[in-house]
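Summary of the model geometry
Chain by chain, the residues:
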Amino acid sequence: MNKILMIEDEIIIAESLRLFLKKNNYEATIATNGAKAIETLQNENFSGVICDINLQEKRNGIEIIQNYHDLNRHGPVIFLTAYSNPQVMEEAEEVSPYAYIIKPFNNQQLLTTLNLAIKNQFTLSPSSTDTSLAEQLSRREVEILQLLATGKTNKIIGSELFISKHTVDTHVKNIKEKLNLNKKGELIRFVLANRLA
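Residues numbered from 1 in each chain as written. Predicted model: local features only at pLDDT ≥ 70, side-chain atom pairs only at ≥ 80, totals over all residues. Heavy atoms only, no water.

Let us now look at the packing of helix H1 (residues 11-23) against helix H5 (residues 107-120). Two elements in contact, H1 and H5, have axes separated by 11 Å at closest approach and are oriented at 60°. With respect to H5, the element H1 is oriented oblique. Two packed elements cross with a definite hand, and for H1 against H5 that hand is right-handed. Touching Leu17, Phe20 and Leu21 of H1 are Asn107, Gln108, Leu110, Leu111 and Leu114, all from H5. (Axes fitted to C-alpha atoms, helices over the stretch in contact; angles between N-to-C directions. Helix = DSSP H or I, 4+ residues; strand = E, 2+ residues; numbered from the N terminus. Parallel < 35°, antiparallel > 145°, perpendicular 65-115°, else oblique. Left-handed = near helix turned anticlockwise from the far one by under 90°. Contact = heavy atoms within 4.5 Å.)

So, on to the environment of valine 142. On the secondary structure map, valine 142 appears in helix H7 (residues 139-149). Residue valine 142 is classed as buried on the basis of its relative accessible area, which comes to 18%. Sequence-wise, valine 142 and glycine 34 are 108 residues apart; in three dimensions their C-alpha atoms are separated by 32 Å. (Buried < 20%, exposed > 50% of the residue type's maximum accessible area, 1.4 Å probe, protein only.)

Most peptide bonds take the trans configuration, and most residues that are not glycine carry a negative phi. Between lysine 103 and proline 104 the backbone carries a cis peptide bond, its omega angle lying at -5°. Mapped onto the elements, proline 104 comes out in the loop between strand E5 (99-102) and H5. With a phi close to 70°, asparagine 25 is a non-glycine residue in the positive phi region. Mapped onto the fold, asparagine 25 is located in the loop between H1 and strand E2 (26-31). For phenylalanine 162, which is not glycine, the phi torsion reads 60° and is therefore positive. Structurally, phenylalanine 162 is set in the loop between helix H8 (154-161) and helix H9 (165-179).

On inspection of all chains with the given rule, the structure shows 9 salt bridges. Residues glutamate 44 and lysine 3 are paired through a salt bridge, measuring 3.0 Å at the closest nitrogen-oxygen approach. Residue glutamate 44 is located in the loop between helix H2 (34-43) and strand E3 (48-51), and its partner lysine 3 is located in strand E1 (residues 2-7); the two are separated by 41 residues in the primary sequence. Note on lysine 3: relative accessible area 24%, which makes it partly exposed. Note that arginine 140 and glutamate 143 form a salt bridge whose closest N and O atoms lie 3.0 Å from each other. Within this pair, arginine 140 and its partner glutamate 143 are both found in helix H7, separated by 3 residues, close to a single helical turn. (Salt bridge = Lys/Arg side-chain N within 4 Å of Asp/Glu carboxyl O.)

Of note, aspartate 52 is situated in the loop between E3 and helix H3 (61-70). Residue classification places aspartate 52 among the buried positions, given a relative accessible area of 4%. A polar side-chain atom of aspartate 52 sits 3.2 Å from a polar atom in the side chain of lysine 103. Each residue touching aspartate 52, except ones within four places of it in the same chain, is listed here: Ile7, Glu8, Asp9, Gly61, Leu80, Thr81 and Lys103. (Polar contact = N/O pair within 3.5 Å; in protein donor to acceptor, adjacent residues only side chain to side chain.)

The next thing to look at is the packing of H8 against H9. Any two packed helices are characterised by how steeply their axes cross, that is the angle between the axes, and by the distance between the axes. In the contact formed by H8 and H9, the axes pass within 8 Å of each other and the chain directions differ by 110°. It follows that H8 is roughly perpendicular to H9 by the angle criterion. In terms of crossing hand, the pair formed by H8 and H9 is right-handed. Contacts between H8 and H9 involve Asn154, Lys155, Ile157 and Gly158 from the first element and Lys165, Val168, Asp169 and Val172 from the second. Here the residues of the contact of H8 with H9 are counted per class, giving 3 nonpolar, 2 polar and 3 charged. (Nonpolar A, V, L, I, M, F, W, Y, C, P; charged D, E, K, R; others polar.)

On to the confidence of the model for the protein chain. Predicted confidence across the protein chain gives a mean pLDDT of 85, with 93% of residues reaching 70 or more. Considering each helix and strand of the protein chain separately, the mean pLDDT is smallest for helix H6 (residues 131-135), with a value of 72, and largest for E2, with 96. Counted against residues more than four places away or in other chains, residues 124-129, with its pLDDT under 50, gives 13 contacts. (pLDDT = per-residue confidence, 0-100.)

Right, here's the structure in full:
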């Protein structure tokens, strides 16, 4: 049975969803705040994470998922949130979620997304294992790709490499064009498939 962590501060929604997932062969653990979520992620392994963004506290769901990636965990993440403005969605994209579902949501839609996320997390496209593509990357591009695979944002990568976020953005754009990949999740799978990490 797949284990899922739900990070959701609205306990009624969380409990209702937990029961629905249980009926569909998922074991769901609920964390209602950031501290509990991070502690749980540190101590247990999960097949995936369903996470709200606004948790009514200083730390939001995007930051928690960044922590999740810092633990070197790469299970699929589904954001389940009332936020639909482009800025928040752009920030969420930085931590490579599998999906972004807007509340109010349909349980069946969420279940289908979750099933696909877990089924496809290790499915690689044909180009993902093409070592000749990896050889096209410069040393700096490989370095940036490796840091991306740890879940770091472009801004953090820039800070670590002492270059601007704009420069990192440009490198990432070039990497995507060379590898013919569009999403950050695809880049992470490429790193894992080619053992660049």
